Amino acid sequence: MIAMRFILCLLLGLVSLGVLATPVAEELVSGWFRKDVELRSELIFHSVEDELSERLATDSGKEAALKKRFNQLASDERVLGTGLCALNGKFLLKSSLWPKNVECPQVEKDAPEYSVLKTEKNAVLIGSYPVNVAGNQKARFVVLHDLTFSVRRTDAVKLYLVLFLISFSLIASVITILTTRLTLRTWLGRFRLYLNEPDSRSSRKLPREFWPIVREVRQMLREMRADKYQLENIKVSWSPQTLKRLLEKELPGAELIVVSNREPYIHEQSDDKIVVKRPASGLVTALEPIIKACNGTWVAHGSGSADKSVVDEKDCIAVPPEKPEYTLRRIWLTQEDEDGYYYGLANEGLWPLCHIAFVRPTFRESDWQAYKDVNRKFADAIVEQAKSKNPVVLVQDYHFALLPLYIRERLPDATILTFWHIPWPNPEVFSICPWREEILRGLLGSSILGFHTQFHCQNFLDTVERFLESHIDREQPMITIEGQSTLVRPYPISIAWPPAGLSEVPNSADCRAEILKQYDLPENALIGVGVERFDYTKGLLDRFQAIRYLLQNHPEWRGKFTFIQAAAPTRSRLAAYKDIQHDALELAEEINKEFGTGSYKPIVLIIQHHEFDEVFRLFRAADVCVVSSLHDGMNLVAKEFVASRENETGVLILSSFAGASKELPEALLVNPYDNKGMADAINRALLMPKPEQKERMRLMREIVSDNNVFYWAARILFDAARIRKRKHIETLVDRTYSENLSPSVINLPGDRSDRAADDISEKKSLNPLQNLIGWPSKRKEK
């Protein structure tokens with residue numbers, strides 16, 4: 001039955017291929033034959049060209065000789081006639097057998113011209129050539145060719161193609177079915193045995209190349225058993241309110257502490273007054289509803305010029321200023337601390353180490369000491385702020401690789417959630433770090449360690465396996481070292497939906513009109529846009545080179561396509577960042593000089609920080625957005641562009657090396673190192689029909705709206721709640737045995753505590769979410 005289905009599918013596919021290929025083959029063969037006939041016509045013309053020019057130049061009577069020559073040329077079985085036509089369309093001379101229903105073609109231009117005339121009996125190719133005297137066209141020489149033979153040959157080609165497809169389908173069916181049956185019989189037997197009895201002697205004969213597949217299938221089966229209890233299967237419109245309700249129901253009474261390098265509110269001295277600024281950050285947008293709900297604490301580096309002026313004696317201040325709901329604890333760093341910890345190890349060491357952008361990382365012992373000191377300083381502040389022995393601590397990014405272990409040493413019962421916002425390299429790359437073991441041990445102080453993608457999780461697991469003595473359960477996946485277990489999972493970060501402030505931005509048409517006027521662009525201009533920091537990982541130079549390639553090979557876009565690049569200076573104290581800014585400016589000027597004309601500049605480079613509303617205006621005005629990161633954990637610019645397109649048009653060109661490409665396959669995915677490939681993608685985007693643009697954009701907007709930043713935070717908190725509940729159950733079991741009571745008192749048999757923990761966690765976690773929070777109980781459609 002399976003074989004018959006396969007054969008039917010194969011035959012259907014080949015028949016479809018034949019139906020589609022036959023017109024193409026017919027057109028191709030006809031084109032070849034026609035080209036051949038055109039060349040024959042041209043040879044005939046060249047054979048009499050000099051004679052005709054002489055006759056027209058001297059106006060001497062040679063009609064009889066020419067007519068004889070024309071009759072000789074027309075004696076070929078495929079030549080129906082030859083003639084000489086005046087420019088007004090009248091015959092000057094023609095062969096005797098010239099068809100009566102064919103008139104002189106009227107052609108004005110001084111160049112060869114070909115056309116096909118279809119009659120009742122046959123098709124005729126008319127070739128018309130200018131006869132020039134002293135550089136001026138005096139008449140046109142016309143040759144008529146019979147195309148009947150090409151029809152016969154085309155029919156023969158179609159017949160051969162059909163016979164080939166039939167033969168090929170029969171042979172392919174037989175070979176494929178035999179090979180598949182022989183292969184699957186042994187493979188499925190071993191595979192089934194291993195799934196049922198993984199430790200049996202026979203199952204050990206399973207080839208090594210099948211082990212990853214077996215692990216994945218077993219993991220899928222395990223997830224399917226618990227699928228009905230998983231958060232991902234509940235369709236929820238995630239917002240700050242649903243996130244707050246999740247916290248209240250799943251983590252009641254939990255103390256929350258958030259740790260990040262950047263603070264959510266900055267106090268700056270402006271003349272004689274203090275101004276409060278809120279940095280643009282998706283992280284703040286996601287975590288503020290949580291920290292407000294439990295009146296928590298945010299610990300961050302106090303970098304504002306007036307930060308010290310507004311804190312109390314414990315270096316704390318209540319925020320937000322307009323309605324205080326949580327505490328901001330500021331950490332003060334000396335210039336030496338900042339140089340070593342932030343600019344040194346974090347951004348000259350870990351940043352280039354984790355991004356494959358071919359910038360060599362720099363490791364200095366003094367930076368490492370500063371990094372450790374600052375991490376301990378943050379740990380001291382967290383312990384001081386903790387009001388309980390088991391707070392939930394959210395540690396953010398590569399600035400704090402050692403912090404989870406430092407907190408764990410002093411608050412062993414804390415639930416520590418660490419999110420690594422940048423990629424994690426493979427073990428070979430990470431091995432060059434002199435303090436690799438210390439950094440790994442620091443991160444494994446976490447209860448949960450999150451990355452953007454499964455690929456980065458896998459790299460981390462491989463790195464730990466290479467350098468530390470530990471137990472790794474790849475099905476969970478979980479790492480256990482010295483009794484401490486860390487869950488390693490992907491949590492792709494996103495943006496708020498809808499983004500804050502987007503409702504105040506004009507619609508796409510108004511934004512376009514505004515940008516056209518601002519940059520003095522014509523109304524029919526096509527606009528590309530890029531928004532980045534001046535960072536060598538963002539691929540600015542490669543992007544500009546792709547635009548150069550586009551304009552070189554598609555000159556039709558010159559004067560029509562303008563690329564607006566908004567780039568904010570960052571970390572300008574570091575040489576690599578200063579160099580990329582200088583090189584980008586130099587390259588943009590070079591391209592503008594090469595292709596610019598008058599007021600037209602192919603690249604408009606804006607070197608300044610842009611506020612959210614300015615960025616969204618650019619996004620809404622653009623036809624194309626290019627995100628060409630050489631390596632990126634996620635890249636939220638891509639998602640912000642998608643969120644801004646309320647009319648569902650526009651094309652996103654996205655690097656396949658950005659984490660966002662895993663979620664947005666409807667974008668045009670490119671290799672940023674391939675200038676030609678990126679140029680082709682830009683050309684395709686500029687030519688893409690509106691219906692295709694809308695179909696792609698609609699799918700991407702659905703993904704970004706469903707998997708927004710609140711969903712990202714909810715997934716992490718949901719896993720944290722399960723860990724805390726399981727730990728609570730284990731504590732009850734231990735207490736029961738320590739008091740010499742029967743385990744049945746709490747209805748948890750000792751040899752089944754894990755399963756009981758799962759059952760209770762599932763029941764306690766799902767029902768409050770669905771019934772008390774008021775979510776729709778609608779399941780996601782598979």
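Residues numbered from 1 in each chain as written. Predicted model: local features only at pLDDT ≥ 70, side-chain atom pairs only at ≥ 80, totals over all residues. Heavy atoms only, no water.

K.L.:
For this particular structure, what's the right way to read the packing of aromatic side chains?
P.N.:
Each pair of aromatic rings is reported with the distance of its centres and the angle of its planes. A full pass over the atoms with the stated rule returns 27 aromatic pairs. Between Trp298 and Tyr326, the aromatic rings sit 6.4 Å apart at their centres with planes inclined by 35°, giving tilted as the arrangement. Taken as a pair, Trp298 in strand β9 (residues 297-301) and Tyr326 in strand β11 (residues 326-331) lie far apart in primary sequence, 28 residues in all. Of the residues examined, Trp298 reaches a relative accessible area of 0% and is grouped as buried. With relative accessibility at 1%, the residue Tyr326 sits in the buried group. Taking the centre distance of 6.2 Å and the plane angle of 70° together, the rings of Phe616 and Phe619 count as edge-to-face. Of this pair, Phe616 and Phe619 both sit in helix α17 (residues 612-621), 3 residues apart, roughly one helical turn. For the pair shown, Phe616 and Phe619 are each scored as buried. Three or more aromatic residues link up through ring pairs in this structure, and these residues are Tyr341, Phe363, Trp368, Tyr371, Phe378, Phe400 and Trp435. (Phe/Tyr/Trp six-rings, centres within 6.5 Å; stacked < 30°, edge-to-face > 60°. Helix = DSSP H or I, 4+ residues; strand = E, 2+ residues; numbered from the N terminus. Buried < 20%, exposed > 50% of the residue type's maximum accessible area, 1.4 Å probe, protein only.)

K.L.:
Please clarify how α17 should be interpreted in this entry.
P.N.:
At 3.6 residues per turn, the α-helix brings residues three or four places apart onto the same side. By the criterion of burial, α17 is predominantly enclosed, with 7 of the 10 residues buried. Within the sequence span of α17, burial applies to Val615, Phe616, Arg617, Leu618, Phe619, Arg620 and Ala621. Buried positions along α17 lie against α14 (508-518), β18 (526-533), β19 (561-568), β21 (624-627) and α18 (636-644). (Contact = heavy atoms within 4.5 Å.)

K.L.:
Hey, could you run me through the state of the cysteines in this one?
P.N.:
Defined simply, a disulfide is a covalent bond joining two cysteines at their sulfur atoms. Counted under the stated rule, the structure contains 1 disulfide. In this structure Cys433 is a free cysteine whose sulfur lies 8.8 Å from that of Cys354, the closest cysteine sulfur available. Relative accessible area serves as the criterion here: at 1%, Cys433 is assigned to the buried category. (Disulfide = S-S within 2.5 Å.)

K.L.:
Teacher, can you tell me more about the sheet that holds strand β15 (residues 471-473) here?
P.N.:
Two strands in a sheet stick together by hydrogen bonds in their backbones, pointing the same way (parallel) or opposite ways (antiparallel). The strand order across the open sheet built from 10 strands is β10-β11-β9-β6-β12-β13-β14-β17-β16-β15, with neighbouring strands paired in mixed fashion. With one partner strand each, in any of the chains shown, β10 (316-319) and β15 form the two edges of the open sheet. Between one strand axis and the next, the sheet turns through 20° on average, direction left out of account. The pairing of β10 with β11 spans 4 bridges and is classified as antiparallel. Opposite Cys316, over in β11, you have Arg329 as the bridge partner. Against the sheet, helix α13 (residues 454-467) contacts β14 (448-451), β15, β16 (478-481) and β17 (484-490), and its axis sits at roughly 150° relative to β17. (Pairing = 2+ DSSP bridges. Axes fitted to C-alpha atoms, helices over the stretch in contact; angles between N-to-C directions.)

K.L.:
Whenever I open this one, the pattern of salt bridges confuses me. Can you help?
P.N.:
Any two side chains of opposite charge can pair, so long as their charged atoms come close to each other. As enumerated under the stated definition, the model contains 35 salt bridges in all. For Asp462, the salt bridge is made with Arg474, and the minimal N-O distance between the two is 3.0 Å. Pair noted here: Asp462 is in helix α13 and Arg474 is in the loop between β15 and β16, with a separation of 12 residues, a long-range link. Asp462 sits in the partly exposed class, given a relative accessible area of 25%. Residue Arg474 is classed as partly exposed on the basis of its relative accessible area, which comes to 26%. Notably, a salt bridge pairs Glu594 with Arg548, separated by 3.2 Å at the nearest N-O pair. One end of the pair, Glu594, is in helix α16 (residues 575-595); the other, Arg548, is in helix α15 (residues 540-553), and 46 residues separate them in sequence. Overall, Glu594 belongs to the partly exposed group, its relative accessible area being 40%. Classification of Arg548 as buried rests on a relative accessible area of 13%. In the salt-bridge network here, residues are joined through shared partners; they are Arg278, Glu288, Lys292 and Glu325. (Salt bridge = Lys/Arg side-chain N within 4 Å of Asp/Glu carboxyl O.)

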